[in-house]
Amino acid sequence: MKQLDINEMKKIKAGGLSGTLVNAFVKGFSTFSDLGRYVGSSIRRFVSRNLCGF
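The text that follows walks through the structure, step by step, so that each part is easy to find. (Residues numbered from 1 in each chain as written. Predicted model: local features only at pLDDT ≥ 70, side-chain atom pairs only at ≥ 80, totals over all residues. Heavy atoms only, no water.)

Considerations on the overall build of the protein chain
Line of reasoning, step 1. Of regular secondary structure, the protein chain possesses two helices and zero strands.
Line of reasoning, step 2. Computed over its C-alpha atoms, the radius of gyration of the protein chain comes to 24 Å, more than 25% above the 10 Å expected for a compact globule of 54 residues.
Line of reasoning, step 3. Principal-axis analysis of the C-alpha atoms places the extent of the protein chain at approximately 70 × 15 × 15 Å.
Line of reasoning, step 4. Taken over 54 residues, the protein chain has a buried fraction of 0%.
Line of reasoning, step 5. Just so you have it, the protein chain exposes about 5,500 Å², and 64% of that area is on carbon and sulfur atoms. (Helix = DSSP H or I, 4+ residues; strand = E, 2+ residues; numbered from the N terminus. Rg over C-alpha atoms; globule rule 2.2 N^0.38 Å. Buried < 20%, exposed > 50% of the residue type's maximum accessible area, 1.4 Å probe, protein only. Areas by Shrake-Rupley, 256 points an atom, 1.4 Å probe, with all protein chains shown as cover.)

Okay, here's the thing in structure tokens:
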């Protein structure tokens, strides 16, 4: 394996966004959105007294 000096190490650039990283952000946003929808629906049902199972 070749040893890099300091100047060569400073020139190394990272790659762009990978598909896995983008997928993780989209999945996180989707989960956050679903959570907000469920909480909003629960609040609306509680306020309107439209509860099932009671």
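Section: the pattern of salt bridges
Line of reasoning, step 1. For the structure shown, the criterion picks out two salt bridges.
Line of reasoning, step 2. For glutamate 8, the salt bridge is made with lysine 2, and the minimal N-O distance between the two is 3.7 Å.
Line of reasoning, step 3. The partner of arginine 37 in a salt bridge is aspartate 34, with the nearest N and O atoms 2.8 Å apart. Taken together, the residues arginine 37 and aspartate 34, both in helix H2 (residues 19-47) and three residues apart, mark about one turn of the helix.
Line of reasoning, step 4. Arginine 37 sits in the exposed class, given a relative accessible area of 53%. (Salt bridge = Lys/Arg side-chain N within 4 Å of Asp/Glu carboxyl O.)

Comments concerning H2
Line of reasoning, step 1. Between its first and last C-alpha atoms H2 spans 42 Å; for 29 residues at 1.5 Å apiece the expected length is 42 Å, and the two agree.
Line of reasoning, step 2. Looking one or two residues beyond H2, the residue adopting positive phi is arginine 49, at roughly 60°. (Expected span 1.5 Å × (residues − 1).)

Overview of a nonpolar patch on the surface
Line of reasoning, step 1. On the surface, Leu35, Val39, Ile43, Phe46, Val47 and Leu51 cluster together into a nonpolar patch covering about 590 Å² of accessible area.
Line of reasoning, step 2. Secondary-structure assignment places leucine 35 in helix H2.
Line of reasoning, step 3. Here leucine 35 falls in the exposed class, since its relative accessible area comes to 52%. (Patch = residues over 30% accessible without salt bridge, like charges linked within 9 Å, V, L, I, M, F, W, Y side chains within 5 Å.)

As for the environment of lysine 2
Line of reasoning, step 1. Mapped onto the fold, lysine 2 is located in the segment before helix H1 (6-10).
Line of reasoning, step 2. Separated by 35 residues in the primary sequence, lysine 2 and arginine 37 place their C-alpha atoms 54 Å from one another.

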